[in-house]
Amino acid sequence: MSLELFLLLAAALFSVGLFGALTQQSIVMLMMGLELMLGGIIVGAAAVWRYIAPTAADGQVLVVLAVTVMAVEMAMGFAVVTALFRAREADVTDMAAELKE
């Protein structure tokens with residue numbers, strides 16, 4: 001497969017994630033959109049790294065580290081959303097914004 005196809009996939013993932021993050025009011029859907037955007041960035045970075053330096057393992061280590069950080073970030077985000085829902089029954093971003101007051 002060529003670099004262009006991987007970059008097209010990365011752009012598609014990022015675009016779908018951006019659309020989801022900008023149009024959804026549900027906190028969970030917003031987090032899913034952000035994860036798609038990060039996944040698109042990781043796919044693009046891994047593809048470029050693979051075609052620039054195919055023998056170096058640095059890119060693979062960076063991708064594994066980024067995916068691990070994404071998993072931890074999602075676990076923490078869902079824990080915060082769950083605690084927010086249990087405390088205030090807030091499940092959309094407008095309700096969560098009222099917590100500042």
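Note: the structure precedes this text.
Residues numbered from 1 in each chain as written. Predicted model: local features only at pLDDT ≥ 70, side-chain atom pairs only at ≥ 80, totals over all residues. Heavy atoms only, no water.

Draft legend 1. Seen up close, the packing of helix H1 (residues 3-23) against helix H2 (residues 27-52). For the pair H1 and H2, the least separation of the axes is 7 Å and the interaxial angle reads 165°. As summarised for this structure, H1 and H2 are arranged roughly antiparallel, according to the angle between their axes. In this structure, the crossing between H1 and H2 has a hand that is left-handed. For the contact of H1 with H2, a count of residues per class yields 19 nonpolar, five polar and no charged. (Axes fitted to C-alpha atoms, helices over the stretch in contact; angles between N-to-C directions. Helix = DSSP H or I, 4+ residues; strand = E, 2+ residues; numbered from the N terminus. Parallel < 35°, antiparallel > 145°, perpendicular 65-115°, else oblique. Left-handed = near helix turned anticlockwise from the far one by under 90°. Nonpolar A, V, L, I, M, F, W, Y, C, P; charged D, E, K, R; others polar.)

Draft legend 2. How the structure looks around H1. Taking 1.5 Å as the rise per residue, H1 with 21 residues should run 30 Å; its terminal C-alpha atoms sit 30 Å apart, in good agreement. Every buried residue of H1 is accounted for by Ala10, Gly17, Gly20 and Ala21. Projected onto a plane normal to the axis of H1, the buried residues spread over an arc of 100° and lie on a single side. Exposed residues on H1 whose side chains face more than 90 degrees from its buried face are Glu4, Leu8, Val16, Phe19 and Leu22. On its buried face, H1 is in contact with H2. (Expected span 1.5 Å × (residues − 1). Buried < 20%, exposed > 50% of the residue type's maximum accessible area, 1.4 Å probe, protein only. Arc of directions from axis to C-beta. Contact = heavy atoms within 4.5 Å.)

Draft legend 3. Highlighting the side chain of Glu35. Looking at the element boundaries, Glu35 is found in helix H2. We note that Glu35 is buried and unpaired, the nearest opposite charge coming from Arg86 at a distance of 20 Å. (Lys, Arg positive; Asp, Glu negative; His and termini not counted. Salt bridge = Lys/Arg side-chain N within 4 Å of Asp/Glu carboxyl O.)

Draft legend 4. Spatial organisation of the nonpolar core. Judged by nonpolar contacts, Ile27, Met31, Met74, Val81, Leu84 and Ala90 together constitute the single largest core of six residues. Examining the composition of this core, we find that three residues originate from one element, helix H3 (residues 58-88), more than from any other. (Core = buried A, V, L, I, M, F, W, Y, C linked by side-chain atoms within 4.5 Å.)

Draft legend 5. A look at the packing of H2 against H3. The geometry of H2 relative to H3 is characterised by a closest axis approach of 10 Å and an angle of 175° between their N-to-C directions. By the angle class used here, H2 and H3 are roughly antiparallel. Broken down by class, the residue content of the contact of H2 with H3 amounts to 16 nonpolar, three polar and three charged.

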